[in-house]
Amino acid sequence: GALSLITVAALTALHRPNELRLHVGRALENGVTRAELGELIMHMAIYGGFPVAVEGMRIAREVFDALDAKGK
C-alpha cells in the first residue's frame, strides 16, 4: 500500500495521466482505499499545483467508475 501511495503521489505531481490511471487501479488492488487515494491526490495540489490535483481526481473517478461498472 505505501509504495502505491508514493507512486500515485509522484505521478500526480508530475502530471503523468496515462501512468496514473494504471497505478490508481494497482493501488486499489494493493489495499489502498478510494478515500485514501482522493485525499492523497488533493494533497498533491499543494506540491504540484491545483490543476494536476484536479486532473488526478478526474482520472481516479474514471478508474472508480470503470470498476463500479464491472461490479468491483
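A.B. asks: Would you mind going over the overall build of the protein chain in detail, with residue names and values included?
C.D. replies: The helix and strand inventory of the protein chain stands at four helices and zero strands. Listing each helix as α and each strand as β along the protein chain from the N terminus yields α-α-α-α. Over its C-alpha trace the protein chain gives a radius of gyration of 11 Å, about what one expects of a compact globule, namely 11 Å for 72 residues. Taken along the three principal axes of its C-alpha coordinates, the protein chain extends 35 × 20 × 20 Å. Counting across all 72 residues of the protein chain, residues that qualify as buried make up 33%. Restricting the contact set of the protein chain to residue pairs at least 6 apart, pairs at least 24 apart contribute 62%. As displayed, the protein chain offers around 4,300 Å² of accessible surface, 61% of which is attributable to carbon and sulfur atoms. Measuring between centres, the 8 positive side-chain charges of the protein chain sit 5 Å from its 8 negative side-chain charges.

A.B. asks: So what's going on with the environment of Thr7? Residues and values would help.
C.D. replies: Note on placement: Thr7 falls in helix α1 (residues 2-13). By relative accessible area, which is 27% here, Thr7 ends up partly exposed. Residues Thr7 and Leu20, 13 residues apart in the sequence, show an inter-C-alpha distance of 8.3 Å.

A.B. asks: So what's going on with the environment of Ala9? Which residues, and what values?
C.D. replies: Mapped onto the fold, Ala9 is located in helix α1. Given a relative accessible area of 12%, Ala9 falls into the buried group. Put simply, Ala9 and Tyr47 are 38 residues apart on the chain and 9.7 Å apart in space, counted from C-alpha to C-alpha. Each residue touching Ala9, except ones within four places of it in the same chain, is listed here: Leu40 and Met44.

The rules behind the values
- Residues numbered from 1 in each chain as written.
- Predicted model: local features only at pLDDT ≥ 70, side-chain atom pairs only at ≥ 80, totals over all residues.
- Heavy atoms only, no water.
- Helix = DSSP H or I, 4+ residues; strand = E, 2+ residues; numbered from the N terminus.
- Rg over C-alpha atoms; globule rule 2.2 N^0.38 Å.
- Buried < 20%, exposed > 50% of the residue type's maximum accessible area, 1.4 Å probe, protein only.
- Contact = heavy atoms within 4.5 Å.
- Areas by Shrake-Rupley, 256 points an atom, 1.4 Å probe, with all protein chains shown as cover.
- Lys, Arg positive; Asp, Glu negative; His and termini not counted.
- Charge placed at Lys NZ, Arg CZ, Asp CG, Glu CD.

Any link to function would need more than the numbers given here.
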